[in-house]
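Structural description and commentary
For reference, the chains in residue letters:
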Amino acid sequence: GHGHTGRTRRAAHRGGSAPPPRRGTAAMSMIEVIANDRLGRKVRVKCLEDDTIGDLKKLIAAQTGTRPEKIRLQKWYTIYKDHITLEDYEVHDGFAFELHYN
């Protein structure tokens, strides 16, 4: 006999704009942010919402081969400061930074 239980139900529950409730800091989700430099290079980085901008710079530095101190993250007129978390800046999944080199 073929043990064929090959009917997996995929719960396709997409839609509904309300995010699930936060349960303290343990439920921090991984997000992916994007940094675009002026050379047209696009760097995608996976991080946590409670990571600081400084942490994010280290991740970007690892991908670009640049030292973290040389990296400046900006968006319009906001310059992001190292000790502030992504969550405090309301950076969410898919957020795009401007990547500048000092």
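The paragraphs below set out a description of the structure included in this document.

Conventions we followed
Residues numbered from 1 in each chain as written. Predicted model: local features only at pLDDT ≥ 70, side-chain atom pairs only at ≥ 80, totals over all residues. Heavy atoms only, no water. Phe/Tyr/Trp six-rings, centres within 6.5 Å; stacked < 30°, edge-to-face > 60°. Buried < 20%, exposed > 50% of the residue type's maximum accessible area, 1.4 Å probe, protein only. Helix = DSSP H or I, 4+ residues; strand = E, 2+ residues; numbered from the N terminus. Pairing = 2+ DSSP bridges.

Here's the deal with the packing of aromatic side chains
- Under the counting rule described, the total for this entry stands at 4 aromatic pairs.
- Plain terms: the ring middles of Tyr80 and Tyr89 are 4.6 Å apart, the flat faces sit at 80 degrees to each other, and that makes the pair edge-to-face.
- For Tyr80, a relative accessible area of 7% corresponds to the buried category.
- Summarising the aromatic geometry, the rings of Tyr80 and Phe97 are spaced 5.0 Å apart at their centres and angled 85 degrees between planes, so their arrangement reads as edge-to-face. Taken as a pair, Tyr80 in the loop between strand E4 (78-79) and strand E5 (96-101) and Phe97 in strand E5 lie far apart in primary sequence, 17 residues in all.
- Clustering of aromatic rings is evident, with ring pairs tying together Tyr80, Tyr89, Phe95 and Phe97.

As for the pairing of E5
- Where strand E1 (residues 30-37) meets E5, 4 bridges bridge the pair, whose relative direction is parallel. Looking across to E5, one finds that Asn36 is bridged to Glu98.
- When strand E3 (residues 71-75) meets E5, the two strands line up antiparallel, connected through 4 bridges. What sits directly across from Arg72, in E5, is His100.

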